[in-house]
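Per-entry structural report
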Amino acid sequence: MEDCVFCRIAAEEISSYKVYEDDKIKAFLDILPISPGHTIVIPKEHAADVEDLTDEALCAMTIAMKKIGKAMMEGLGVKGYSIFLDNKDAANQHVAHAHFHVVPRKEGDGLGRWPQGGYEEGEAEDTLKKLTAKL
């Protein structure tokens with residue numbers, strides 16, 4: 001897609017700090033990192049969101065994230081990393097091209113955990129029924 005910034009990065013029309021590349025995916029440093037080494041992993045073929053990804057592309061991305069995470073721990077001396085994806089506008093997806101973030105983490109880095117809640121009486125059962133009916 002001509003107007004997709006990540007497609008343009010994949011095609012090398014826009015330069016990036018390439019971390020990893022194979023025939024299916026490309027990974028590069030985020031220009032607005034949460035921490036040094038924050039890497040974006042994208043499929044080379046355009047897919048607007050996770051539902052548009054082929055299973056093959058998703059598997060390739062997962063394998064790359066594992067390699068990148070290991071390299072972060074060994075190369076950057078961090079003790080762990082977070083992997084996340086914002087899928088669709090409601091989840092804060094800013095670029096309409098499926099992508100994962102791999103973020104190096106250190107103890108005490110201030111990023112903390114996601115806010116957690118609970119279920120009201122009967123809500124877990126109701127939610128489970130709605131989800132499993134569509135699987």
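For clarity, every value in this text was computed on a predicted model and none was experimentally measured. (Residues numbered from 1 in each chain as written. Predicted model: local features only at pLDDT ≥ 70, side-chain atom pairs only at ≥ 80, totals over all residues. Heavy atoms only, no water.)

1. Some points on the pairing of strand β2 (residues 25–29)
Note the following rule: The buried label applies to any residue whose accessible area, calculated with a 1.4 Å probe on protein chains only, is under 20% of its type's maximum; exposed applies above 50%, and partly exposed to all values in between. Think of it this way: any DSSP run of H or I at least four residues long counts as a helix, any run of E at least two long counts as a strand, and we number them from the N terminus. The criterion for strand pairing is that DSSP finds at least two bridges linking the strands in question.
Most of β2 is tucked away: 4 of the 5 residues are buried. Pairing of strand β1 (residues 18–21) with β2 involves 3 bridges; the strand directions are antiparallel. Looking at the pairing, glutamate 21 lines up with lysine 26 of β2. The turn linking β1 back onto β2 is made up of 3 residues. Where β2 meets strand β3 (residues 39–43), 5 bridges bridge the pair, whose relative direction is antiparallel. What sits directly across from lysine 26, in β3, is isoleucine 42.

2. Quick notes on the side chain of histidine 101
Heads up, the condition is: Each polar contact in these results corresponds to two N or O atoms within 3.5 Å; when the atoms are within protein, one needs to be able to donate a hydrogen and the other to accept it, and residues that are neighboring in sequence are counted only if both atoms are side-chain atoms. By definition, residues are in contact when any of their heavy atoms lie within 4.5 Å.
Checked against the element boundaries, histidine 101 lands in strand β5 (residues 100–105). There is a polar contact of 2.8 Å between the side chain of histidine 101 and the side chain of histidine 38. Setting aside anything within four residues of it in sequence, one finds histidine 101 in contact with Asp30, His38, Thr39, Ile40, Ser82, Ile83 and Phe84.

3. Some thoughts on a nonpolar patch on the surface
What counts is decided by this rule: Without a salt bridge and with relative accessible area above 30%, a residue can belong to a patch; like charges are then joined within 9 Å and nonpolar side chains (Val, Leu, Ile, Met, Phe, Trp, Tyr) within 5 Å. Per-residue accessibility takes into account occlusion by the displayed protein chains alone, with areas from the Shrake-Rupley method and a 1.4 Å probe. By convention in these notes, a salt bridge is any Lys or Arg side-chain nitrogen within 4 Å of a carboxyl oxygen on Asp or Glu.
A contiguous nonpolar patch, built from Tyr17, Val19 and Leu29 and spanning about 300 Å² of accessible area, is present on the exposed surface. Secondary-structure assignment places tyrosine 17 in the loop between α1 (5–10) and β1.

4. Quick notes on the side chain of aspartate 30
Threshold: We score Asp and Glu as negative and Lys and Arg as positive, and we do not count His or the chain ends.
Within the secondary structure, aspartate 30 sits in the loop between β2 and β3. Here aspartate 30 occupies a buried position and makes no salt bridge, while the nearest side chain of opposite charge, arginine 105, is found at 14 Å.

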